Amino acid sequence: NAGVTQTPKFHILKTGQSMTLQCAQDMNHGYLSWYRQDPGMGLRRIHYSVAAGITDKGEVPDGYNVSRSNTEDFPLRLESAAPSQTSVYFCASSYRVAGTYHQETQYFGPGTRLLVL
Amino acid sequence: GENVEQHPSTLSVQEGDSAVIKCTYSDSASNYFPWYKQELGKRPQLIIDIRSNVGEKKDQRIAVTLNKTAKHFSLHITETQPEDSAVYFCAASSGGSNYKLTFGKGTLLTVNP
């Protein structure tokens, strides 16, 4: 299994340009999340999905869109990039074990470093 | 919502010493507390986690303790080695349908040879 993969590894955008960050997982996990990581801010969730066809906002969703058409893929779309979106983006997958014992371990992808000029 | 405070933000120790990182959380419903290690330029990786039904968990040189009453949990690394140098993040989750994991802001641990 490749686990969680992300493309590209690094990208430079100009203000106002659009871009899609790709995320894919092959572990059959139901839950997928996008995080951004900024110095001194930890990891903040942008959007998440609990299953194909279901997405919801995290704590910092403005300026980003997501879709989930299948279990494996969870692309993150920046429609009109701004310098404030310069960050490292991580996709993470997780699963919940049926029953009373929940497992919320997050498995992170390698990240995408995005620079918006 | 949940708020996770992590201290210290930086920690420098000599090789062989112990290191302790502490986190507090605000939501008494939180029941899952993982710790992640992130090396420079790499992804965060889970190193240990604990659930609210236990007070301590150990895995070789690392251990985590949980005090539910005080709402704080700590990571202990013994016999530190240079390869332990990284940023460590604590997190807390209350489960639920939104599957939210709230992270602390991280601790940069430097182990000096």
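Residues numbered from 1 in each chain as written. Chains lettered and ligands numbered in written order. Predicted model: local features only at pLDDT ≥ 70, side-chain atom pairs only at ≥ 80, totals over all residues. Heavy atoms only, no water.

Colleague: Describe the state of the cysteines, with residues and values.
Modeller: Residue and element names in this part refer to chain A. Using the criterion set out here, one finds 2 disulfides over all chains in the structure. A sulfur-sulfur distance of 1.9 Å marks the disulfide that ties C23 to C91. On the S-S bond that ties C23 to C91, the torsion sits near -60 degrees, and the link is left-handed. Placement of the pair is C23 in strand β3 (residues 19-25) and C91 in strand β9 (residues 87-94), with a sequence separation of 68 residues. (Disulfide = S-S within 2.5 Å. Helix = DSSP H or I, 4+ residues; strand = E, 2+ residues; numbered from the N terminus.)

Colleague: Before we move on, can you summarise the interface of chain A and chain B with the specific residues and values?
Modeller: Across the boundary between the two partners, chain A contributes 24 residues, which contact 22 residues of chain B. One can count 0 salt bridges joining chain A with chain B. Secondary structure elements with two or more residues in the side of chain A that touches chain B: β4 (31-38), β5 (42-51) and β9 of chain A. Counting residues per element, the side of chain A that touches chain B draws most heavily on β5(A), at 5 residues. Counted by class, the side of chain A that touches chain B contains 12 nonpolar, 9 polar and 3 charged residues. (Contact = heavy atoms within 4.5 Å. Salt bridge = Lys/Arg side-chain N within 4 Å of Asp/Glu carboxyl O. Nonpolar A, V, L, I, M, F, W, Y, C, P; charged D, E, K, R; others polar.)

Colleague: Explain the sheet that holds β3(A) to me, and be specific about the residues and the numbers.
Modeller: All names here are of chain A. Strand order in the open sheet formed by 4 strands is β1-β3-β8-β7, with antiparallel pairing between adjacent strands. For this open sheet the edge positions go to β1 (4-7) and β7 (64-66), each flanked by a neighbour on one side alone. Recorded for the sheet is a direction-independent mean angle of 20 degrees between the axes of neighbouring strands. Bridge analysis of β1 against β3 gives 4 bridges, and the strand direction is antiparallel. (Pairing = 2+ DSSP bridges. Axes fitted to C-alpha atoms, helices over the stretch in contact; angles between N-to-C directions.)

Colleague: Account for the pairing of strand β11 (residues 112-116) of chain A, naming residues and giving values.
Modeller: Residues and elements named next belong to chain A. The side-chain alternation of β11 yields one buried face, formed by T112, L114 and V116, and one unburied face, formed by R113 and L115. As defined by bridge partners, strand β2 (residues 10-13) adjoins β11 across 4 bridges and the pair is classed as parallel. Within the sheet, the bridge partner assigned to H11 lies in β11 and is L114. Here β9 pairs with β11 via 3 bridges, running antiparallel. Residue pairing for β11: V88 is matched across the bridge by R113. (Buried < 20%, exposed > 50% of the residue type's maximum accessible area, 1.4 Å probe, protein only.)

Colleague: Residue-level account of the sheet that holds strand β7 (residues 62-67) of chain B, with values.
Modeller: Residue and element names in this part refer to chain B. A sheet is described by the order of its strands in space; here 5 strands give the open sequence β1-β3-β8-β7-β6, paired in antiparallel fashion. What marks the edges here is a single partner per strand, and that holds for β1 (4-7) and β6 (56-59). Neighbour-to-neighbour, the strand axes of this sheet turn through a mean angle of 15 degrees, independent of strand direction.

Colleague: So what's going on with the nonpolar core? Which residues, and what values?
Modeller: Among the nonpolar cores identified, the biggest contains 23 residues, and B:W35, B:F73 and B:L109 are the most heavily contacted of them. Broken down by secondary-structure element, the contributors of at least two residues to this core are β2 (10-14), β3 (19-25), β4 (32-38), β5 (45-51), β7, β8 (72-77), β9 (86-92) and β11 (107-112) of chain B. The next biggest cluster of nonpolar side chains, apart from the first, holds 19 residues, and it includes A:W34, A:I46, A:V66 and A:C91. (Core = buried A, V, L, I, M, F, W, Y, C linked by side-chain atoms within 4.5 Å.)

Colleague: Requested: an account of the side chain of B:S74, with residues and values cited.
Modeller: Residues and elements named next belong to chain B. Among the structural elements, S74 can be located in strand β8. Under the relative-accessibility criterion, S74 is labelled buried at 5%. Among residues more than four places away in sequence, those in contact with S74 are V20, I21, K22, W35, A63, V64 and T65.

Colleague: Describe the packing of aromatic side chains, and please don't skip the residues or the numbers.
Modeller: Residue and element names in this part refer to chain B. Enumeration according to the criterion identifies 11 aromatic pairs over all chains in this entry. On the numbers, 4.8 Å between centres and 45 degrees between planes, the contact of Y25 with F33 is tilted. The exposure class of F33 is buried, given its relative accessible area of 0%. Ring plane angle 55 degrees and centroid distance 6.0 Å describe the contact between Y25 and F73, whose orientation is recorded as tilted. (Phe/Tyr/Trp six-rings, centres within 6.5 Å; stacked < 30°, edge-to-face > 60°.)

Colleague: Requested: an account of a nonpolar patch on the surface, with residues and values cited.
Modeller: Nonpolar side chains collect at one region of the surface, where A:F10, A:I12 and A:L117 lie side by side and expose about 310 Å² of accessible area between them. Along the chain, A:I12 falls in strand β2. (Patch = residues over 30% accessible without salt bridge, like charges linked within 9 Å, V, L, I, M, F, W, Y side chains within 5 Å. Areas by Shrake-Rupley, 256 points an atom, 1.4 Å probe, with all protein chains shown as cover.)

Colleague: So what about the side chain of B:E2? Which residues, and what values?
Modeller: All names here are of chain B. Along the chain, E2 turns up in the segment before β1. One polar contact links the side chain of E2 to the main-chain amide nitrogen of D27, over a distance of 3.0 Å. The residues contacting E2, other than those within four sequence positions of it, are Y25, S26, D27, S30, A92 and T102. (Polar contact = N/O pair within 3.5 Å; in protein donor to acceptor, adjacent residues only side chain to side chain.)

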